[in-house]
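# Chains, contacts and geometry: an overview
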Amino acid sequence: MTVVRTCFVCLFITLLVIVIVLDYYLAGKSPWRHFESSTKQRIDGIPFCEFDRSTSLLRERSNSLSDFSFLAVGFYMLVQAIECQEKNRAKHTILSMINGFANCAHAMGSWLNHACRCQLGHRFDLTGMWLIIAFISFYSLIRHCHIRTYLFIMIFMIIGFLLWIISDIYYPQSYDNEEKILTTILVIIFIISECFHLKSKSITKSQIKWLCLGAISLVVGVISGHLDASKIVCWPHSWFQLHALWHTSAACSVLAIYEYFRADMSFAMNRNEHFA
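On a predicted model such as this, the values are computed, not experimentally measured, just so you know.

### Section: the overall build of the protein
Looking only at helices and strands, one finds 10 helices and 0 strands in the protein. In the protein, the proportion of contacts linking residues at least 24 apart, taken out of those at least 6 apart, comes to 82%. Accessible surface, the protein: about 14500 Å² in total, of which carbon and sulfur atoms supply 70%.

### Quick word on the side chain of Thr-183
Along the chain, the position of Thr-183 falls in helix H8 (residues 178-200). A distance of 3.4 Å separates polar atoms of two side chains, one belonging to Thr-183 and the other to Trp-130. Apart from the residues lying within four places of it in its own chain, the contact partners of Thr-183 are Met-129, Trp-130 and Ile-133.

### As for helix H6 (residues 149-166)
With 18 residues, H6 ought to run about 26 Å at 1.5 Å a step, and its terminal C-alpha atoms sit 26 Å apart, in line with that. Where H6 is concerned, the buried positions are Phe-152, Phe-156, Gly-160 and Leu-163. One face of H6 carries all of its buried residues, which in axial projection span an arc of 75 degrees. Every exposed residue of H6 that faces more than 90 degrees away from the buried side is listed here: Tyr-150, Met-157, Ile-158 and Phe-161.

### Concerning helix H5 (residues 119-142)
In this model, H5 (24 residues) spans 34 Å end to end at C-alpha, consistent with the 34 Å of a helix rising 1.5 Å per residue. Across the 24 residues that make up H5, a large majority, 21, are buried.

### Points about the nonpolar core
Membership of the largest hydrophobic core comes to 53 residues, with the highest contact counts inside it found for Ile-94, Trp-111, Phe-135, Phe-152 and Phe-261. At the level of elements, helix H1 (2-25), helix H3 (68-83), helix H4 (90-116), H5, H6, H8 and helix H10 (242-275) are the ones that each hand at least two residues to this core. Top element by residues in this core is H5. It accounts for 12 residues. Aside from chain neighbours lying at most four places away, what touches Phe-261 is Leu-95, Ile-136, Tyr-139, Ser-140, Arg-143, Phe-190 and Glu-194.

### Here's the deal with a nonpolar patch on the surface
Judged by side-chain polarity, Val-9, Ile-13, Val-17, Val-21, Tyr-24 and Tyr-25 come together as a nonpolar surface patch covering roughly 630 Å² of accessible area. With respect to the helices and strands, Tyr-25 occurs in helix H1. Note on Tyr-25: relative accessible area 57%, which makes it exposed.

### With respect to the pattern of salt bridges
According to the stated counting rule, one finds 7 salt bridges in the structure shown. Two residues, Arg-5 and Glu-83, come together in a salt bridge whose shortest N-O distance is 2.7 Å. Within this pair, whereas Arg-5 is found in helix H1, its partner Glu-83 is found in helix H3, the two being separated by 78 residues in sequence. For Glu-83, a relative accessible area of 10% puts it in the buried group.

### What about the environment of Leu-26?
Positionally, Leu-26 belongs in the loop between H1 and helix H2 (61-65). Leu-26 sits in the partly exposed class, given a relative accessible area of 25%. As for Leu-26 and Leu-57, which are separated by 31 residues in sequence, their C-alpha atoms are 6.2 Å apart. Excluding anything up to four places from it in sequence, Leu-26 contacts Pro-31, Thr-55, Ser-56 and Leu-57.

### Thoughts on the state of the cysteines
Note: disulfide means a covalent bond formed between the sulfur atoms of two cysteine side chains. Tallied over the full model, the rule gives 2 disulfides. In this model, Cys-49 is linked to Cys-234 through a disulfide, with the two sulfur atoms separated by 2.0 Å. Taking the torsion about the sulfur-sulfur bond, which here is approximately 95 degrees, the covalent link between Cys-49 and Cys-234 counts as right-handed. In this pair, Cys-49 sits in the loop between H1 and H2 while Cys-234 sits in the loop between helix H9 (205-229) and H10, placing the two residues 185 residues apart along the sequence. Judged by its relative accessible area of 26%, Cys-234 falls in the partly exposed class. Residue Cys-116 pairs covalently with Cys-118 via a disulfide, S to S 1.9 Å.

### Regarding the packing of aromatic side chains
The full count for this structure, using the stated rule, is 16 aromatic pairs. Pairing Phe-12 with Phe-68 gives two aromatic rings, centres 5.7 Å apart and planes at 90 degrees, and the pair type is edge-to-face. Of this pair, Phe-12 sits in helix H1 while Phe-68 sits in helix H3, placing them 56 residues apart in sequence. Assigned by exposure class, Phe-12 and Phe-68 land together as buried. Seen in terms of ring centroids, Phe-190 and Phe-261 are 6.3 Å apart; in terms of plane orientation they differ by 85 degrees. Their pairing is edge-to-face. Here the residue Phe-190 occupies a position in helix H8, and Phe-261 occupies one in helix H10, the gap between them amounting to 71 residues.

Reading the values: the criteria
Residues numbered from 1 in each chain as written. Predicted model: local features only at pLDDT ≥ 70, side-chain atom pairs only at ≥ 80, totals over all residues. Heavy atoms only, no water. Helix = DSSP H or I, 4+ residues; strand = E, 2+ residues; numbered from the N terminus. Contact = heavy atoms within 4.5 Å. Areas by Shrake-Rupley, 256 points an atom, 1.4 Å probe, with all protein chains shown as cover. Polar contact = N/O pair within 3.5 Å; in protein donor to acceptor, adjacent residues only side chain to side chain. Expected span 1.5 Å × (residues − 1). Buried < 20%, exposed > 50% of the residue type's maximum accessible area, 1.4 Å probe, protein only. Arc of directions from axis to C-beta. Core = buried A, V, L, I, M, F, W, Y, C linked by side-chain atoms within 4.5 Å. Patch = residues over 30% accessible without salt bridge, like charges linked within 9 Å, V, L, I, M, F, W, Y side chains within 5 Å. Salt bridge = Lys/Arg side-chain N within 4 Å of Asp/Glu carboxyl O. Disulfide = S-S within 2.5 Å. Phe/Tyr/Trp six-rings, centres within 6.5 Å; stacked < 30°, edge-to-face > 60°.

This is how it looks when you write it as structure tokens:
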């Protein structure tokens, strides 16, 4: 299994290097000039602090590069899916494989959004973010029942299509309204579902650890994102951007919830083996 991990690490490094090299060679060439802008306002249209390098591949350099944190999480999930094929249960395939691809898709969408500041990237970013949160909420719900993998994939694809339609909105209205409202609704669904789940099943120390780490990471990310968008704390030309910290914190939160679900699955499997 070391080969699998090495391949994904090499792929990750290769993609990162390619992006950095292309950003250097395409400086001043405005590669995104023909793409529709993600805002219809000329002033204060984009709700991010980072300086717009309008003629570069990475218009928001720090924000776009930080999206590789989502790619790292997605690759980690895919590695887990490949390495655990001998335990190929439906819910494990859903949790690792589909979740991994969703995180990789969001990484690319969010990267495109901050790299080009274009509406196409904005829509991919929104759809990817909502898909990840929808996956977490939906997976939490199906833990109460048995579901076939193909059925989950079909439902998930329909949800993705609907989210893509909803994503056709522009900054800054999307950031202030639709984006936060739908995200909040999905998070509330997850919390309610987990409350019902924990009433009927015991929770392990490992799960508590991952749940707390996920919550802390999310809180740090939300605060960072708010400070960045409101320009309360803002260093436009710095490599350190609070929105980039939001990306990293959100990726850590997604990873923590993934491990939280895995810890529950491992506990259930061990318990069944014990009573077999």
